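Listed here are the chains, written in short residue letters.
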Amino acid sequence: MAEEKIFTIPLRKAFRKTRNKRTPYAMRLIQEFLIRHTKHTEIKIGKHLNEQTWERGTEKPPRRVRIKAVIDGNVVKAELLGKEYEEFVAK
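Calculation notes
- Residues numbered from 1 in each chain as written.
- Predicted model: local features only at pLDDT ≥ 70, side-chain atom pairs only at ≥ 80, totals over all residues.
- Heavy atoms only, no water.
- Helix = DSSP H or I, 4+ residues; strand = E, 2+ residues; numbered from the N terminus.
- Rg over C-alpha atoms; globule rule 2.2 N^0.38 Å.
- Areas by Shrake-Rupley, 256 points an atom, 1.4 Å probe, with all protein chains shown as cover.
- Lys, Arg positive; Asp, Glu negative; His and termini not counted.
- Charge placed at Lys NZ, Arg CZ, Asp CG, Glu CD.
- Contact = heavy atoms within 4.5 Å.
- Salt bridge = Lys/Arg side-chain N within 4 Å of Asp/Glu carboxyl O.
- Buried < 20%, exposed > 50% of the residue type's maximum accessible area, 1.4 Å probe, protein only.
- Core = buried A, V, L, I, M, F, W, Y, C linked by side-chain atoms within 4.5 Å.

Draft legend 1. Examining the overall build of the protein more closely. Of the regular secondary structure elements, the protein holds 2 helices and 4 strands. Counted from the first residue to the last, the protein has its helices and strands arranged as β-α-β-α-β-β. Over its C-alpha trace the protein gives a radius of gyration of 13 Å, about what one expects of a compact globule, namely 12 Å for 91 residues. Carbon and sulfur atoms form 46% of the exposed surface of the protein, whose accessible area is close to 6,200 Å². One finds the centroid of the 22 positive side-chain charges in the protein at a distance of 11 Å from the centroid of its 12 negative side-chain charges.

The structure is reproduced here in structure tokens:
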């Protein structure tokens, strides 16, 4: 049975980086936050969460994101709050 948790992840530390490195660092912050708070190492980022984080390019990630994390076995699937999880596939 899957367990669901809702988190608000602050991404303000990403703004300490240079402008072209902020969004990649914000994605790492999301993964590190989920590893720390769920005690699982396999994290999957959903399509909508990825798109919102990268929406304004590398220079301006959001200040915080609200996500729903579904813990299913050893896998944590993270998606924006209010959206259903969709697997992100890189093009």
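Draft legend 2. Molecular detail of the side chain of Asn-50. Residue position: Asn-50 is located in helix H2 (residues 47–54). What Asn-50 contacts, discounting residues up to four positions off in sequence, is Met-27, Ile-45 and Phe-88.

Draft legend 3. The arrangement of the environment of Lys-83 in detail. Turning to its location among the elements, Lys-83 is positioned in the segment after strand E4 (75–80). Along the sequence, Lys-83 and Glu-55 sit 28 residues apart, while their C-alpha atoms lie 16 Å from each other.

Draft legend 4. Summary view of the pattern of salt bridges. If you walk through the whole model with that rule in mind, you get 2 salt bridges. Here Glu-3 makes a salt bridge to Lys-5, at a shortest N to O gap of 3.9 Å. On the accessibility criterion, Glu-3 (41% relative accessible area) is partly exposed. Of the residues examined, Lys-5 reaches a relative accessible area of 27% and is grouped as partly exposed. Among the ionic pairs, Lys-47 bridges to Glu-86, the shortest N-O distance being 3.7 Å.

Draft legend 5. Representation of the nonpolar core in the model. Core analysis: the largest hydrophobic core is formed by 21 residues, its most contacted members being Ile-9, Ile-30, Leu-34, Leu-49 and Ile-67. Secondary-structure elements contributing two or more residues to this core are strand E1 (3–10), helix H1 (22–38), strand E2 (42–45), strand E3 (64–72) and E4. It is H1 that provides the largest number of residues to this core, a total of 7 residues. Contacts of Ile-30, omitting those with residues within four sequence positions, involve Ile-9, Leu-11, Ile-45, Leu-49, Thr-53 and Val-65.

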